[in-house]
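Structure at a glance
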Protein chains: 2
Amino acid sequence: MTAAKATTLSEQFRRGELFTVECPSREVLKHVTSRWGVLILVALMEGTHRFSDLRRKVGGVSEKMLAQTLQNLEKDGFINRISLPVVPPHVEYSLTPMGEEISHKVVSLADWIEENLPRVMKAQQAANRL
Amino acid sequence: MTAAKATTLSEQFRRGELFTVECPSREVLKHVTSRWGVLILVALMEGTHRFSDLRRKVGGVSEKMLAQTLQNLEKDGFINRISLPVVPPHVEYSLTPMGEEISHKVVSLADWIEENLPRVMKAQQAANRL
DNA sequence: CGGTATCCGCAGCGATACTG
DNA sequence: CAGTATCGCTGCGGATACCG
């Protein structure tokens, strides 16, 4: 119980956390993998966007959810919010360095799905025939 | 408008799909990034599990949501379900080749969060001081 | 053991209206 | 333009009971 299995321990410790109900990582994971979180991170990979840019780009998102998701991701340190004090208001959203790191992972996942969608849909159809 | 920018086109076409409301990829993405989908895929990366194994391993999941998530992922072709016709029933879940591919992406994302949680929490605290 | 079926509460989300 | 505030509802998800 003192200091055994250093290699496997660090592996299992981190995993054990995520599988635990109270693991703080779950909240972050939730923000990042949320319905609109994914799409926003992907969108911001292509550069800075204004609020209404994102609203137009991310099809189907409501103002409320866009604002909420942006706030979550900003609080987690993934997004920079720059408000220019002019009229009419002008706010720009961009990825922080941390945001870029995690966006790579998210984009990688999203890309896989889009590229392999044919395979997935084929599997779905095969499942329906059972 | 005819055939311009071949490189950027393939890039933007795939992206344009995901940003669209009716894009079928969104459903798959939803299954994979769902609250329990992520954890199940991560868990199954470590090998075949039985239903109750998963139930115990993935903290906080209810029977209903576990069954539902497993069914979704099975229909998408990410999970193999093998039911041994014995009493008491014995059912084993494992990743298909496609499931392994996508799990790598998911695990990569989950790992990043667990490894960088300190950075994220530090950013969160900084945000709270504003 | 490994589900399915049913009920139901409440958070989450969308739609709308309003503000700086 | 970029949000907040409010309301109403939908459907996610937990609890329970029952089947193969």
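- Chain A goes by Helix-turn-helix transcriptional regulator in an unreviewed UniProt entry, where it is assigned to Geomonas diazotrophica.

Thoughts on the sheet that holds strand S2 (residues 79-84) of chain A
Residue and element names in this part refer to chain A.
- Taken in spatial order, the three strands make up an open sheet running S1-S3-S2, and their pairing is antiparallel. Two strands in the sheet have a free side with no partner beyond their single neighbour: strand S1 (49-50) and S2.
- In the sheet, S2 pairs with strand S3 (residues 90-95) via six bridges, with the strands oriented antiparallel. Considered in S3, the bridge of Arg-81 is made with Tyr-93.

Examining the packing of helix H2 (residues 25-33) of chain A against helix H3 (residues 35-45) of chain A
All names here are of chain A.
- Contact pair H2 / H3: the axes reach a minimum separation of 5 Å and the direction vectors enclose 65°. Relative to H3, the element H2 is oriented roughly perpendicular. Along its contact with H2, which presents His-31, Val-32 and Thr-33, the element H3 presents Arg-35, Gly-37, Val-38 and Leu-41.
- Looking at the contact of H2 with H3, its residues break down into three nonpolar, three polar and one charged.

Quick notes on the protein's contact with DNA strand C
- Near DNA strand C, the surroundings consist of 18 residues, among which A:Lys64, A:Met65, B:Ser52, B:Arg81 and B:Tyr93 are the closest.
- Backbone sugar and phosphate groups make up 64% of those atoms of DNA strand C lying within 4 Å of the protein.
- Between DNA strand C and A:Lys64 there is a distance of 2.6 Å, counted from a base oxygen to a side-chain nitrogen or oxygen.
- A distance of 2.5 Å separates a phosphate oxygen of DNA strand C from a polar side-chain atom of B:Tyr93.
- If you list the elements that add at least two residues to the surface near DNA strand C, you get H3 and helix H5 (63-75) of chain A together with helix H4 (51-57), helix H5 (63-75) and strand S3 (90-95) of chain B.
- Residues belonging to the surface near DNA strand C are distributed by class as follows: nine nonpolar, three polar and six charged.

Definitions and limits used
In every chain, residue numbers begin from 1 and rise along the written sequence. Each chain takes a letter, starting from A, and each ligand takes a number, starting from 1, following the order in which they are written. Local features in this predicted model are restricted to residues whose pLDDT is 70 or higher, and side-chain atom pairs enter the listing and the counts only when it is 80 or higher, whereas totals over whole chains, interfaces and linings include all residues. Side-chain numbers come from the whole structure's heavy atoms, not from hydrogens or water. DSSP-based pairing: two strands are paired if at least 2 bridges between them are found. A run of H or I in DSSP becomes a helix once it reaches four residues, and a run of E becomes a strand once it reaches two; helices and strands are each numbered from the N terminus. Axes, fitted as lines to C-alpha atoms, cover a helix only where it is in contact. Angles between the N-to-C directions of the axes lie from 0 to 180 degrees. For classification purposes, angles smaller than 35 degrees are called roughly parallel, those larger than 145 roughly antiparallel, those between 65 and 115 roughly perpendicular, and all remaining angles oblique. We call two residues contacting when some pair of their heavy atoms lies within 4.5 Å. Amino acids are sorted into nonpolar (Ala, Val, Leu, Ile, Met, Phe, Trp, Tyr, Cys and Pro), charged (Asp, Glu, Lys and Arg) and polar (every other residue, Gly among them). Whether a residue is near a molecule or strand is decided by its heavy atoms; if any one of them lies within 4 Å of it, the residue is near. Polar contacts, as used here, are pairs of N or O atoms within 3.5 Å; protein pairs need one atom able to donate a hydrogen and one able to accept it. Residues neighboring in sequence count only if both atoms are side-chain atoms.

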